[in-house]
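Coordinates in review
If you want the building blocks of each chain, they are given just below.
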2 protein chains.
Amino acid sequence: MDFQSFSDKIAGLDYSRLEQEALLCRGDILTMTTLAASGHPGGSMSTIDVLLTVYNIANVNRNNLHDLNRDRIFVSHGHISPAVYSCLAKKGILPQDEYIAYFRKAGSMYEGHIERSIPGVEWTTGNLGQGLSAACGAAVAGKVNGNEFDIYVFMGDGEHEKGQITEARRFAVKYNLSNITVIVDYNALQISGDISNVMPSMNIAESYKSDGWEVLHIDGHNFKEIAGALLKAKSCSRPVCIIAETSMGSGVSFMEHKACFHGAPLSEEQYYEAVKELKLEPSLEKYKEMRKGFMWAAPHIKAENPKININQGSRIIYNADVKTDNRSAFGAALLDLVKINKPKEYTDVVVFDCDLAGSVKTNGVEKNYPENFFQCGISEHHTAVCAGAASVNGVISFFADFGMFGVDEVYNQQRLNEINSANIKLVTTHVGIDVGEDGKTHMCIDYIGLLRNIFDFKIIVPADPNQVDIVIRHAAKEQGNFHIAMGRSKVPVITKEDGSVFFDENYEYIYGAIDIIRQGSDGAVLAYGSTLYRAVQVHDILKSKGLNFSVINVSCPAYINDEAFNKIAGYKKIFTYEDHISSTGLYCTIANMALSRKKFIDATCFGVNEFPMSGQSDEVYDMLSLSPEKVAEKIIKEMGA
Amino acid sequence: MDFQSFSDKIAGLDYSRLEQEALLCRGDILTMTTLAASGHPGGSMSTIDVLLTVYNIANVNRNNLHDLNRDRIFVSHGHISPAVYSCLAKKGILPQDEYIAYFRKAGSMYEGHIERSIPGVEWTTGNLGQGLSAACGAAVAGKVNGNEFDIYVFMGDGEHEKGQITEARRFAVKYNLSNITVIVDYNALQISGDISNVMPSMNIAESYKSDGWEVLHIDGHNFKEIAGALLKAKSCSRPVCIIAETSMGSGVSFMEHKACFHGAPLSEEQYYEAVKELKLEPSLEKYKEMRKGFMWAAPHIKAENPKININQGSRIIYNADVKTDNRSAFGAALLDLVKINKPKEYTDVVVFDCDLAGSVKTNGVEKNYPENFFQCGISEHHTAVCAGAASVNGVISFFADFGMFGVDEVYNQQRLNEINSANIKLVTTHVGIDVGEDGKTHMCIDYIGLLRNIFDFKIIVPADPNQVDIVIRHAAKEQGNFHIAMGRSKVPVITKEDGSVFFDENYEYIYGAIDIIRQGSDGAVLAYGSTLYRAVQVHDILKSKGLNFSVINVSCPAYINDEAFNKIAGYKKIFTYEDHISSTGLYCTIANMALSRKKFIDATCFGVNEFPMSGQSDEVYDMLSLSPEKVAEKIIKEMGA
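If you're wondering where the values come from, they're calculated on a predicted model, not measured in any experiment. (Residues numbered from 1 in each chain as written. Chains lettered and ligands numbered in written order. Predicted model: local features only at pLDDT ≥ 70, side-chain atom pairs only at ≥ 80, totals over all residues. Heavy atoms only, no water.)

1. Some remarks on the overall build of chain A
For chain A, the helix and strand inventory stands at 24 helices and 20 strands. What you see for chain A is a C-alpha radius of gyration of 28 Å, in line with the 26 Å of a compact globule of 641 residues. Projected onto the principal axes, the alpha-carbon positions of chain A cover approximately 90 × 50 × 45 Å. Across the 641 residues that make up chain A, the buried fraction comes to 68%. (Helix = DSSP H or I, 4+ residues; strand = E, 2+ residues; numbered from the N terminus. Rg over C-alpha atoms; globule rule 2.2 N^0.38 Å. Buried < 20%, exposed > 50% of the residue type's maximum accessible area, 1.4 Å probe, protein only.)

This is the structure we're talking about:
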């Protein structure tokens, strides 16, 4: 919205109508929380006046919810869902009644914390401290796409204790995301009581100022002050934080400034007293009846993402004599994808980095397409969320990092990305025991074992530069969250028995399928990523000892499809060869499948069973008895050969 | 150290000796990194002058490393290990030569990033942003114990982009940890280049000031300025941040202010040039020889923890007719432990909370023993590390939180606690699908599946208040990190067939053992935590249908000892009943054990296979077909009964 239109909208605000609507919202909030006997009325009522004003001004309505140019309203303290649902209903985005009647009812879409699957909700929150990062994601996507919109981010005061907000705040200023306006619901109370007792050293205003924000202070229950601040924020060339002083439970005298109403509803008796004070008709009985008749809806509603159109480009083929690292192959594929998707008809590919571009090989994009590259500094929590939110706002996000930081450090942020049905492509390098000499703090030996806990988050561990190239293009095209993991060192190109490239131009990537690299009948060695070429070496050693083993590439070690599983189960002896914790990687997948399919399999795991130490990659393999020589020796022993 | 002694020490500093020592350290740094062809010389050289000065002043020597009154030197940017090792050797804490010769060699203790297992290193770092939180942990432990010491925390400048540091900074001011002095090595460069390009909106000094710190600026290569600032910091009644302006690669002209030397060693040619400029004898050849002769040491050196002496107290027994929640039983046991360990001969029990004391039931301690209770606000990352570090500085730490925040949000911090051989007791509530109506963002259905990726981090899921009581006392007494998980709702007391309390005064807790709650011969239902009493209900339903099933409590679902496994494997039909993701909980443990022991087991899992939704606990169980009735029905069907 241009400034003049915005200014006109502000000038045209009908304050008495706003006040009346806010009153109705307060009634809704009380009714739904008392009915559900659960929920957060206090903060819902302290935020409602500003929230409702913003919904009345912003360019958001039921017809433009998929328009990339719509304004965005993020609510970071997702527990004020009663306030949000009520505003959305007043705007005609949600149907009346249902959100009141079915609030927090098992099977209803009106969950305790706001969910992106609800029309008008931009991001599922509830875990605090995430909203501003998500808003930054929408802002950068808009920037890349040339969309113009305003972004409002509602936040609690207590949640500012989360460090991630500092990261997001600085990012917003660095990238001049001046279309972002934060509104802090400063009711000065959190669960444990007065915010100045819980964290007296936190000065929210000074924190914003020290990171370069403009800060405004208003009475959050005075519509004229609210409107004035929003106008001022609109005209400001920096991101603005409006600190709205409010009262917990505002509107009902016995609730005001009481921390106990943060997360507890009124009793029925209190409800009737409150509604009386608000001069509203009580509606509890009506909704009680309605709630009784509720039938479970589909339990798993997914949010709808904007359509994407990705040009996958042409494969880069690495010949059999090339020796490069998978990271570099990723960098090359990524650079290609960014380039060929620049034309307007395609969806932009955007890259997020946390101070490791040179190591994770996104520096080609940084250099050639700086407008598609976001250097976030050492701020992984913010970055994971920002990249996730960008991916549902009109771009494809690649977030590349060391495994330790992109997975272990931000596991929960990735989980939230999946809950948000995001479309992030997480590419990690330096995984497993191929991290170089940095030592155990940097060794991500759980790069499968963690994300396997997130339903539908796909995990791919390509084996060589050719497979990397195809997998990166595959992930860019497919909707959904992907984790693509690779080591640090140079690896040989995987070849067929005849010496030709295995993952050649005819190779088709199917998630869940396996590749038979070498065919044998005495058993099979299953490997992925950094262990696959080593498994081929094992195969050769075994062959020289008269043992004929298959080598199977399981590039999706957390998910094997039925056809592939049956092939694996057909071998009389299986060894998995992993640079990962033994009990949570591929072996774990096979164990789970064998048990649930009631299938007996003879399988042994060669994996990591302790925190490894610093050292050159080959040395560490050797030290953990994972060198091809030692693995072959153990197989020979076990086979009694 | 009292102020007068400190002041005398400062006055007695021999600056020319310091300068000479710093020069030798620079030589060491260059030799070891060039020799290892790996490492971080740049930041090591920029920090060395302040670091060496602090080592010369602080009350740290090889004889007092286990004295709780020693001063503490934390190094948060653990990649400057060459500088740290060199200082420790100059102080006589590490033997000469070895750290140079064996730096970053596989099997050597001198890893790429500093490790707590090295004498004189207080905390393993490397993952950035952790050091100040760890220092706060040492400070609060000291406070509780009445120890008096100073704490120095060395930090990089770029690492301040991590939000966790904001959390730690505020905590330090809230608890008046004025014995903490932070020294920021402000060389203005990080991997990606100039810090003011990477994150121009970050103003480190203003950030500290806005959180209530005193900030001093010095030339970090001027010993007099360094000494002056340390003296000033010592006298200050607030935590002090000294921003030391330094030069990356300081001392060697061609390295100065070059970002490329952050993480890359000199070539041999450059090495000789640098050593010549420093007027030092090159020693590369000597150490090359020594390195050649290196033999692997024990791969897994554990840091030594201070002795603890915990009075476990007497069991609280909940009678069969009591119905309370496990959280409250935890709260009661904890309160008892805090109280009975107050006498000087015992180790203090300290509690950390993130704004949820009322829900996780640590509020009894908050009220009665506020000096043992630390309210950290909504700052889980800081809190996890702070509690971990406190636990190796003379107290026992209990960190209680919702599962989602204590596990998912801070997985990596818990991993770092384990790497640090910490002694944290993580107690989580609201796990599984028993969280109330908060919805999927708050449902921790991976409370086993995540921490099973951390070797030796023990996971216990007690089933009723009686088992909670014994398990909490058990974990307090045992060295090592524990995760004890529980749901939100009230649960019945588990009883024997005769109606008497199962986990009575004679019950002995063994980690890895199982409890046969009901004995049957047709098969077994394995359960833990919130599903155990439901499994007893299943047993009763099955019985009424003529099926006689055992009910087995597997309170350590990630680890089953051999005896227990053999018992389980003896059943012809097993069902696991879990409020956890099906593939990463108990079923996963059994699958792994069956596969690796080549044992065929017939086992089916009833668990969680999608993100659940809001709802009352019983409703959610029902919706996911996990109510006792539905589970019994499925068993009956599968048994063909």
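2. Regarding the nonpolar core
In a soluble, globular protein the nonpolar side chains are often hidden away together inside. Counting 328 residues, the largest nonpolar core has Ile180 and Phe398 of chain A together with Ile180 and Phe398 of chain B as the members making the most contacts within it. What phenylalanine 398 of chain A contacts, discounting residues up to four positions off in sequence, is Phe330, Leu334, Leu337, Val349, Val350, Val351, Phe352, Lys425, Val427, Ile472 and Ala476 of chain A. Grouped together as the second largest cluster of nonpolar side chains are 70 residues, Ala22, Leu52, Val75 and Val240 of chain B included. (Core = buried A, V, L, I, M, F, W, Y, C linked by side-chain atoms within 4.5 Å. Contact = heavy atoms within 4.5 Å.)

3. As for the side chain of lysine 105 of chain B
On the secondary structure map, lysine 105 of chain B appears in the loop between helix H5 (98-101) and helix H6 (131-145). Among the polar contacts listed, one links the side chain of lysine 105 of chain B to the side chain of glutamate 619 of chain A, at a separation of 2.8 Å. Leave out the neighbours within four places in its chain, and lysine 105 of chain B touches Ser614, Gly615 and Glu619 of chain A together with Arg291 and Phe294 of chain B. (Polar contact = N/O pair within 3.5 Å; in protein donor to acceptor, adjacent residues only side chain to side chain.)

4. Remarks on the domain arrangement of chain A
All names here are of chain A. Taken as a whole, chain A is organised into domain 1 (3-290), domain 2 (323-492) and domain 3 (515-639). In this assembly, 24 residues from domain 1 lie in contact with 32 residues from domain 2. Overall, the association of domain 1 and domain 2 removes approximately 2,200 Å² of surface from exposure, summing both partners, and the carbon and sulfur fraction of that is 57%. Together, Trp123, Val144 and Glu167 form the three largest contributors to the area buried by domain 1 at its contact with domain 2, with a combined 26%. At the junction of domain 1 with domain 2, the criterion picks out 0 salt bridges. (Domains from an automatic or database assignment. Buried area = accessible area lost by both parts, 1.4 Å probe. Salt bridge = Lys/Arg side-chain N within 4 Å of Asp/Glu carboxyl O.)

5. Points about the relation of the copies chain A and chain B
The two copies are related by a screw operation: chain A maps onto chain B through 180° of rotation and 0.0 Å of translation along the axis, at an RMSD of 0.0 Å. In the structure described here, the two chain copies are related by an operation that fits a two-fold rotation axis. In terms of C-alpha distance to the rotation axis, chain A has glycine 163 of chain A as its closest residue, with the C-alpha 1.9 Å off the axis. Comparing interface residues between copies, 100% of those in chain A also sit at the interface in chain B, which points to an isologous, same-surface contact. (Least-squares fit on C-alpha atoms with pLDDT ≥ 70 in both.)

6. Describing the packing of aromatic side chains
Tallied over the full model, the rule gives 39 aromatic pairs over all chains. The interplanar angle of 50° and the centroid separation of 4.9 Å between the aromatic rings of phenylalanine 171 of chain A and tyrosine 175 of chain A together place this pair among those described as tilted. Here phenylalanine 171 of chain A falls in the buried class, since its relative accessible area comes to 0%. Positioned above the aromatic ring of tyrosine 621 of chain B, the side-chain terminus of arginine 534 of chain B is 3.5 Å from the ring centre. Seen from the ring of phenylalanine 565 of chain B, arginine 597 of chain B lies directly overhead, with NZ or CZ sitting 5.4 Å from the centre. (Phe/Tyr/Trp six-rings, centres within 6.5 Å; stacked < 30°, edge-to-face > 60°. Lys NZ or Arg CZ within 6 Å of the ring centre and 35° of its normal.)

7. A look at the packing of helix H2 (residues 15-36) of chain A against helix H10 (residues 223-235) of chain A
All names here are of chain A. At a minimum axis distance of 10 Å, the contact between H2 and H10 shows a crossing angle of 110°. Between H2 and H10, the interaxial angle falls into the category roughly perpendicular. The residues of H10 that touch H2, namely those facing Tyr15, Leu18, Glu19 and Ala22, are Phe223, Lys224 and Ala227. (Axes fitted to C-alpha atoms, helices over the stretch in contact; angles between N-to-C directions. Parallel < 35°, antiparallel > 145°, perpendicular 65-115°, else oblique.)

8. Thoughts on the pattern of salt bridges
All names here are of chain B. Scanning all chains against the criterion turns up 71 salt bridges over all chains. As a salt-bridge pair, glutamate 371 and lysine 342 come within 2.7 Å of each other at their nearest N and O atoms. With glutamate 371 in the loop between helix H15 (363-368) and strand E10 (373-375) and lysine 342 in the loop between helix H13 (326-340) and strand E9 (349-353), this pair connects stretches of sequence that are 29 residues apart. Among the ionic pairs, aspartate 562 bridges to arginine 597, the shortest N-O distance being 2.9 Å. Of this pair, aspartate 562 sits in helix H21 (residues 562-569) while arginine 597 sits in the loop between helix H22 (586-596) and strand E20 (603-608), and the two are 35 residues apart along the sequence. With a relative accessible area of 46%, aspartate 562 lands in the partly exposed category.

9. Notes on the interface of chain A and chain B
How big an interface is tends to be reported as the loss of accessible area on association of its parts. Each partner contributes residues to the interface: chain A has 117 residues there, and chain B has 117 residues. Three residues stand out in chain A for area buried against chain B, namely Phe455, Leu595 and Phe611 of chain A, and they jointly supply 8% of the buried area on that side. Counting the contacts that link chain A with chain B gives 18 salt bridges. Between the two partners, chain A and chain B, sit 72 residue pairs in polar contact (both at pLDDT 80 or more). Examining the composition of the side of chain A that touches chain B, we find that 8 residues originate from one element, helix H7 (residues 164-174) of chain A, more than from any other. Partitioning the side of chain A that touches chain B into residue classes produces 40 nonpolar, 43 polar and 34 charged. (Nonpolar A, V, L, I, M, F, W, Y, C, P; charged D, E, K, R; others polar.)

10. Observations regarding helix H3 (residues 41-57) of chain A
Residue and element names in this part refer to chain A. Between its terminal C-alpha atoms H3 stretches 24 Å, which fits the 24 Å expected from 17 residues at 1.5 Å a residue. Along H3, the sharpest change in direction is near 50° and occurs at isoleucine 48. In terms of burial, H3 is a largely internal element, 16 of the 17 residues being buried. (Expected span 1.5 Å × (residues − 1). Bend = angle between axes of the 7 residues up to and from the residue.)

11. Looking at the sheet that holds strand E7 (residues 240-245) of chain B
Residue and element names in this part refer to chain B. Taken in spatial order, the 5 strands of this open sheet run E1-E2-E3-E7-E6, and their pairing is parallel. Two strands lie at the open edges of the sheet, namely strand E1 (72-75) and strand E6 (214-219), each paired on one side alone. In this sheet, adjacent strand axes meet at a mean angle of 20° when their direction is disregarded. As paired elements, E6 and E7 share 6 bridges and run parallel to each other. Residue histidine 217 lies in a different strand from E7, and its bridge partner there is isoleucine 243. Here helix H10 (residues 223-235) sits on the sheet in contact with strand E2 (151-156), strand E3 (180-186), E6 and E7, set at roughly 165° to E6. (Pairing = 2+ DSSP bridges.)

12. Section: the state of the cysteines
All names here are of chain A. For the coordinates displayed, the defined rule picks out 0 disulfides over all chains. Between cysteine 386, a free cysteine, and cysteine 136, which holds the nearest cysteine sulfur, the sulfur-to-sulfur gap is 5.5 Å. The thiol of cysteine 444 is not disulfide-bonded; the next cysteine sulfur, from cysteine 354, is found 15 Å away. (Disulfide = S-S within 2.5 Å.)

13. Examining the environment of alanine 384 of chain A
Residues and elements named next belong to chain A. Along the chain, alanine 384 turns up in helix H16 (residues 380-390). For the pair formed by alanine 384 and lysine 543, sequence separation is 159 residues and the distance between their alpha carbons is 46 Å. For alanine 384, the contacting residues outside a window of four places in its chain are Phe399, Val410, Gln413, Gln414, Asn417 and Ile424.

14. So, helix H21 (residues 562-569) of chain A
All names here are of chain A. For H21, the full list of buried residues reads Ala564, Phe565, Ile568 and Ala569. For H21, the arc enclosing every buried residue in end-on projection is 135°, short of the 170-degree limit, so these residues lie on one face. In H21, the exposed positions that point more than 90 degrees away from the buried face belong to Glu563 and Asn566. Buried residues along H21 sit in contact with strand E17 (523-527), strand E19 (574-581) and helix H22 (586-596). (Arc of directions from axis to C-beta.)

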